[in-house]
Amino acid sequence: MAGHNHKLEIFRGRLKFKSNVQKIWGVLVFLSIITIVEVALGIIKPEILLNYFLGIKLINWIFIILTIVKAYYITWDFMHVRDEKPFLKNTIVLPLLILIPFLLFILLYEGSYIFNIMFDGLKAWNFDIY
Amino acid sequence: MQASTLTKTKHNSWGGGGAKPLDAAYGKLMMWFFIVSDALTFSGFLVSYGFSRFKNIDSWPIADEVFTHFPFLHGIDAPMYYVALMTFVLIFSSVTMVLAVDAGHNNDKNRVAFYMLLTIIGGAIFVGSQAWEWKNFIKGEYGAVEIQNGEILQFYNLEESKRIPIDEFAYSSQQDRVTHDDNVGIWYESEYKLPEITLDEVMTGFNNDLALTVRLEALDDRGQKIILSREEAEIKMSSATRVVKGANLIRNEYGNPLFADFFFFITGFHGFHVFSGVVINIIIFINVLLGTYEKRGHYDMVEKVGLYWHFVDLVWVFVFTFFYLV
């Protein structure tokens, strides 16, 4: 618990709260704003964001980045990782940071490879009536 | 030879010395290890969902069209509002949990109990909402037809340019075909529950109304489902094999069977986590009321279940993104 000393700054020290309780409500407001933005984007779906960037639609990039931001504040402030020693922080975060992108890259690459094989391979995979 | 027998040491667990590299309670550390491994399990599930989606990138169901229900708003198209509400409920219960942990640091028993209770209520609302979501998903709305190659065809009215449920145009005929159960007949086999509307009725209705056509699973360049012309639709419909209403693990009216499989599995696994979280929270809540932690002098247990509860919230944030938004 590190003696219940909470670090009360978020946004790299730009926003400093007076107490831990106040920080919790502040983070809630921030997370709510992000969720509202996500839902609004998901419902409106602006035309310009439907273009592709690196194989994924821009709007989906925004969703993924906002999700990671949300995950950061949940772990750092709700799960108190901000108050932990650097050693413990790294023990928790590094395995995930290394393994998940690795798995993600391999399986998504493989998935689109299989899609291409089935899409323009010589064999017919779909025995349609045509 | 002798020296080894002489230097017997007492079995003590490692204290870490004075450096305290992690400076965290044993139980909390173990909770973190569990969370890391569970996070990898969930990322395995979500990544395999991504794999299947990339494999069927040109025909995956559109989540906005599947999850359109909101309580007390019947027949109104409300994509995502309900899941957004569920997300808020879970984030809010996460906040009450962290407030309980904070009250625990101040050894304030009544506040811990109060916030734990709020957390439990939030968790229960979330699990209930998920059950409702499942009910709608399983029941289905429009219904569809499966053809010989396993493709799902949904119906579309060209005049009104909107989707049309099968029970609106199907020609109703009186018939007394009953579901075959395993207690009748020679061998102990049963069949799937019969749909309320038979394929013949759908076919007759489809042939009678020339404004009807079908939507394919396949997506066009803009990510919309392809709508066939009436002539093409008639050719497709000639190989129809069965009526599909709702969803199960084998087929669903929304499109690819894998979509429903992953939906059931991932949200089910997450829902089970929420459920067990609620149960654990209730146990800790009772202990708080009994004064167990007050006697112990610290509320570390509340902090540990708090970590688990936040983790459940964290997973939902990702499930929400990859199942409903992306």
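These numbers come from a predicted model, not from an experiment.

**Observations concerning the overall build of chain A**
Then, number 1: When its secondary structure is counted, chain A shows three helices and four strands.
Then, number 2: Sequence-ordered secondary structure for chain A, helices as α and strands as β, is β-β-α-β-β-α-α.
Then, number 3: Here chain A holds 130 residues, and 17% of them are scored as buried.
Then, number 4: Of the contacts made within chain A by residues no fewer than 6 positions apart, 41% connect residues no fewer than 24 positions apart.

**Some details on the overall build of chain B**
Then, number 1: From N to C terminus, chain B includes 11 helices and six strands.
Then, number 2: The C-alpha radius of gyration computed for chain B amounts to 27 Å, which surpasses the reference 20 Å derived for 326 residues by more than 25%, pointing to a less compact arrangement than a globule.
Then, number 3: Viewed in the frame of its principal axes, chain B has a C-alpha envelope of about 90 × 60 × 50 Å.
Then, number 4: In chain B, of all internal contacts separated by at least 6 residues, the share reaching a separation of at least 24 is 67%.

**Describing the pairing of strand β4 (residues 212–219) of chain B**
Residue and element names in this part refer to chain B.
Then, number 1: Where strand β2 (residues 152–157) and β4 come together, four bridges link them in antiparallel fashion. Bridged to tyrosine 156 within β4 is threonine 213.
Then, number 2: Between β4 and strand β5 (residues 225–227), which pair antiparallel one after the other, the connecting turn spans five residues, and glycine 223 there sits at a positive phi close to 80°.

**Focus on the environment of arginine 82 of chain A**
Residues and elements named next belong to chain A.
Then, number 1: Looking at the secondary structure, you find arginine 82 in the loop between α2 (58–78) and α3 (86–120).
Then, number 2: For arginine 82, a count of 18 C-beta atoms within 10 Å corresponds to the partly exposed category.
Then, number 3: Linking arginine 82 and histidine 6, residues 76 residues apart in sequence, is a C-alpha distance of 8.0 Å.

**Some details on unusual backbone geometry**
Then, number 1: Even without a glycine there, the phi angle at histidine 80 of chain A is positive, about 60°.
Then, number 2: Considering the arrangement of structural elements, one finds histidine 80 of chain A in the loop between α2 and α3.
Then, number 3: Residue class for histidine 80 of chain A comes out buried when judged on the 24 C-beta atoms lying within 10 Å of it.
Then, number 4: Even without glycine at this site, asparagine 107 of chain B takes up a positive phi of about 50°.

**A word on the nonpolar core**
Then, number 1: Core analysis: the largest hydrophobic core is formed by 70 residues, its most contacted members being Val83, Ala100, Val112, Met116, Val319, Phe320 and Tyr324 of chain B.
Then, number 2: Residue assignment for this core shows that the elements contributing at least two residues are α1 (20–44) and α2 of chain A together with α2 (26–55), α3 (63–66), α4 (81–105), α5 (109–139), α9 (257–290) and α11 (300–325) of chain B.
Then, number 3: Per-element accounting of this core gives the leading share, 18 residues, to α11 of chain B.
Then, number 4: If we ignore the near neighbours within four places in the chain, the residues touching tyrosine 324 of chain B are Ala63, Phe67, Met80 and Val83 of chain B.
Then, number 5: With 18 residues, the next largest nonpolar core counts Val145, Ala170, Val214 and Val244 of chain B among its residues.

**Digging into the confidence of the model for chain B**
All names here are of chain B.
Then, number 1: When the pLDDT values of chain B are averaged, the result is 87; 94% of them are 70 or greater.
Then, number 2: Across chain B, element-level confidence peaks in α9 with a mean pLDDT of 94 and bottoms out in helix α1 (residues 2–6) with 46.
Then, number 3: Scored as a whole, the predicted complex attains pTM 0.86, and scored at its interfaces, ipTM 0.87.

**Let's talk about the packing of α2 of chain B against α11 of chain B**
Residue and element names in this part refer to chain B.
Then, number 1: Orientation of α2 relative to α11, taken along the N-to-C sense of each, is 10°, at an axis distance of 10 Å. In terms of orientation, α2 and α11 fall into the roughly parallel class. The chirality of how α2 crosses α11 is right-handed. For the pair formed by α2 and α11, the contact residues are Gly27, Lys28, Met31, Trp32, Ile35, Asp38, Phe42, Leu46 and Tyr49 on the first element and Asp300, Glu303, Lys304, Leu307, Tyr308, Phe311, Val315, Phe318 and Phe322 on the second.

**Concerning the pairing of strand β1 (residues 144–147) of chain B**
Residues and elements named next belong to chain B.
Then, number 1: Here four bridges tie β1 to strand β6 (residues 240–244), and the two strands are oriented antiparallel to one another. Note that in β6 the partner of valine 145 across the bridge is valine 243.
Then, number 2: Relative to β2, β1 is paired through two bridges, and the arrangement is antiparallel. Bridge pairing links glutamate 146 to isoleucine 152 in β2.
Then, number 3: Remark: four residues form the turn of the hairpin made by β1 and β2, two consecutive strands paired antiparallel; glycine 150 in that turn has positive phi of roughly 90°.

**Observations regarding α5 of chain B**
All names here are of chain B.
Then, number 1: Here α5 spans 45 Å end to end across 31 residues, near enough to the 45 Å set by a 1.5 Å rise per residue.
Then, number 2: Within the sequence span of α5, burial applies to Val112, Tyr115, Met116, Thr119, Ile120, Gly122, Gly123, Phe126 and Phe137.
Then, number 3: Structurally, α5 contributes buried residues whose contacts are with α4, α9 and α11.
Then, number 4: In the segment just after α5, glycine 140 is the residue with positive phi, at about 80°.

**Digging into α3 of chain A**
Helical geometry note: an α-helix holds 3.6 residues per turn, so side chains three or four residues apart project in the same direction.
Then, number 1: When the terminal C-alpha atoms of α3 of chain A are compared, their 50 Å separation across 35 residues agrees well with the 51 Å that a helix rising 1.5 Å per residue should span.
Then, number 2: Maximal helix bending in α3 of chain A amounts to about 30°, located at valine 93 of chain A; proline proline 95 of chain A follows within four positions.

**Side note on the interface of chain B and chain A**
Then, number 1: On the chain A side, the residues contacting the 41 residues of chain B number 45 residues.
Then, number 2: When contributions to the side of chain B that touches chain A are tallied by element, the ones reaching two or more residues are α2, α4 and α11 of chain B.
Then, number 3: For the side of chain B that touches chain A, the element with the most residues is α2 of chain B, which contributes 12 residues.
Then, number 4: Classifying every residue of the side of chain B that touches chain A gives 25 nonpolar, 12 polar and four charged.

Calculation notes
Residues numbered from 1 in each chain as written. Chains lettered and ligands numbered in written order. Predicted model: local features only at pLDDT ≥ 70, side-chain atom pairs only at ≥ 80, totals over all residues. Helix = DSSP H or I, 4+ residues; strand = E, 2+ residues; numbered from the N terminus. Buried ≥ 20, exposed ≤ 12 C-beta atoms within 10 Å, placed from the backbone. Contact = placed C-beta atoms within 7 Å. Rg over C-alpha atoms; globule rule 2.2 N^0.38 Å. Pairing = 2+ DSSP bridges. Core = buried A, V, L, I, M, F, W, Y, C linked by C-beta atoms within 7 Å. pLDDT = per-residue confidence, 0-100. Axes fitted to C-alpha atoms, helices over the stretch in contact; angles between N-to-C directions. Parallel < 35°, antiparallel > 145°, perpendicular 65-115°, else oblique. Left-handed = near helix turned anticlockwise from the far one by under 90°. Expected span 1.5 Å × (residues − 1). Bend = angle between axes of the 7 residues up to and from the residue. Nonpolar A, V, L, I, M, F, W, Y, C, P; charged D, E, K, R; others polar.

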